[in-house]
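The residues making up each chain are set out below.
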Amino acid sequence: MERYIEFSIDEFYHIFNRGNDKKTIFLNHHDYERFMKLLFLCNSSKSVIFKSIQGATLDKIDRGETLVDIGAYCLMPNHFHLLIHEKQENGASLFMKKLATAYSMYFNRRHSRTGKLFEGVFRAEHADTDEYLKYLFSYIHLNPVKLLDPKWKESGLRDQVATWAFLKKYFYSSYNDYATNTDREETKILNRAAFPEYFQDTKEFKDNLNEWLNYNSA
């Protein structure tokens, strides 16, 4: 699969990819944790040898200059979404190559498999308007709702309270970095300062998500 898009410095992009033949790429909590750590480690001008930083917290790792800025992410069982800002020439492509290679090698080794893990070249969409860029913060962070309520977009939410509780407990996205004041280690994956400040506080962020939940549930 080819990707018909050219990246430009100081522009924003929605990047996504899924498992080959739509197969699961995260089989357990350890897989999700490894991918999130790689989101931090592979976003670096340096070569990263994972064994050399085993057990280290993200704030103790000197990764050098970053290739892109990450504004949001969500990992799903068979795919993932990233919202990035291109900060240097070829930064997104190099970052994604390092990420896909590192995770594929880990996954195949850990699960005793061979062959291609991802469907193909990652896909990307240019977030070229404020409206679309702001929408992506909701779209990406609401992805896990499908795991709780697969038909919520077609039939409406069955339980609003359960939905919000599920999103808060879903560890594998940047939702809690925006929706709560929790200072978790994974917050260091993000560079929110590189993105427009659409949400002045956690309430504004959750209100925006709620608008899309209600819109799709109408």
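Before reading on, note that the structure itself is shown above.
Residues numbered from 1 in each chain as written. Predicted model: local features only at pLDDT ≥ 70, side-chain atom pairs only at ≥ 80, totals over all residues. Heavy atoms only, no water.

Caption draft 1: Structural context of the packing of helix 1 (residues 29-41) against helix 2 (residues 91-110). The N-to-C vectors of helix 1 and helix 2 enclose an angle of 155 degrees; their axes lie 10 Å apart at closest approach. With respect to each other, helix 1 and helix 2 are oriented roughly antiparallel. For helix 1 against helix 2, the interelement crossing comes out right-handed. Between helix 1, through His-30, Asp-31, Arg-34, Phe-35, Leu-38 and Leu-39, and helix 2, the contact on the second element is made entirely by Phe-95, Leu-99, Ala-102, Tyr-103, Tyr-106, Phe-107, Arg-109 and Arg-110. Here the residues of the contact of helix 1 with helix 2 are counted per class, giving nine nonpolar, one polar and four charged. (Axes fitted to C-alpha atoms, helices over the stretch in contact; angles between N-to-C directions. Helix = DSSP H or I, 4+ residues; strand = E, 2+ residues; numbered from the N terminus. Parallel < 35°, antiparallel > 145°, perpendicular 65-115°, else oblique. Left-handed = near helix turned anticlockwise from the far one by under 90°. Contact = heavy atoms within 4.5 Å. Nonpolar A, V, L, I, M, F, W, Y, C, P; charged D, E, K, R; others polar.)

Caption draft 2: Structural context of the sheet that holds strand 2 (residues 68-76). Here we have four strands laid out as an open sheet, ordered 2-3-1-4, and antiparallel in their pairing. Each edge of the sheet is formed by a strand with only one pairing partner; in this case those strands are strand 2 and strand 4 (123-126). Across the sheet, the mean angle from the axis of one strand to that of its neighbour is 20 degrees, orientation sign disregarded. Summarising the sheet, strand 1 (residues 12-18) and strand 4 pair through four bridges and their orientation is antiparallel. Directly across from Phe-16, in strand 4, lies its bridge partner Arg-123. In this fold helix 1 packs onto strand 2 and strand 3 (79-86), with an angle of close to 170 degrees to the strand it touches most, strand 2. (Pairing = 2+ DSSP bridges.)

Caption draft 3: Region of the structure containing helix 6 (residues 160-169). Within the sequence span of helix 6, burial applies to Thr-163, Trp-164 and Leu-167. Buried positions in helix 6, seen along its axis, are confined to an arc of 95 degrees and lie on one side of it. The exposed set on the far side of helix 6, more than 90 degrees from its buried face, consists of Val-161, Lys-168 and Lys-169. The distance from a side-chain oxygen at the start of helix 6 to the backbone nitrogen of Val-161 is 3.1 Å, and the residue carrying that oxygen is Asp-159. (Buried < 20%, exposed > 50% of the residue type's maximum accessible area, 1.4 Å probe, protein only. Arc of directions from axis to C-beta. Polar contact = N/O pair within 3.5 Å; in protein donor to acceptor, adjacent residues only side chain to side chain.)

Caption draft 4: Broad picture of the pattern of salt bridges. Under the criterion given, the structure shown has seven salt bridges. Here Asp-62 ties to Lys-46 by a salt bridge, and the two come within 3.2 Å at their closest N and O atoms. Here the residue Asp-62 occupies a position in the loop between helix 1 and strand 2, and Lys-46 occupies one in the loop between helix 1 and strand 2, the gap between them amounting to 16 residues. On the basis of relative accessibility, which here comes to 60%, the residue Asp-62 falls in the exposed class. Relative accessible area serves as the criterion here: at 38%, Lys-46 is assigned to the partly exposed category. One salt bridge connects Asp-177 with Arg-184, and the closest N-O pair in it is separated by 3.0 Å. Look at Asp-177 and you get buried, because its relative accessible area is 6%. One salt-bridge network, in which partners are shared between bridges, spans Asp-177, Arg-184 and Glu-186. (Salt bridge = Lys/Arg side-chain N within 4 Å of Asp/Glu carboxyl O.)

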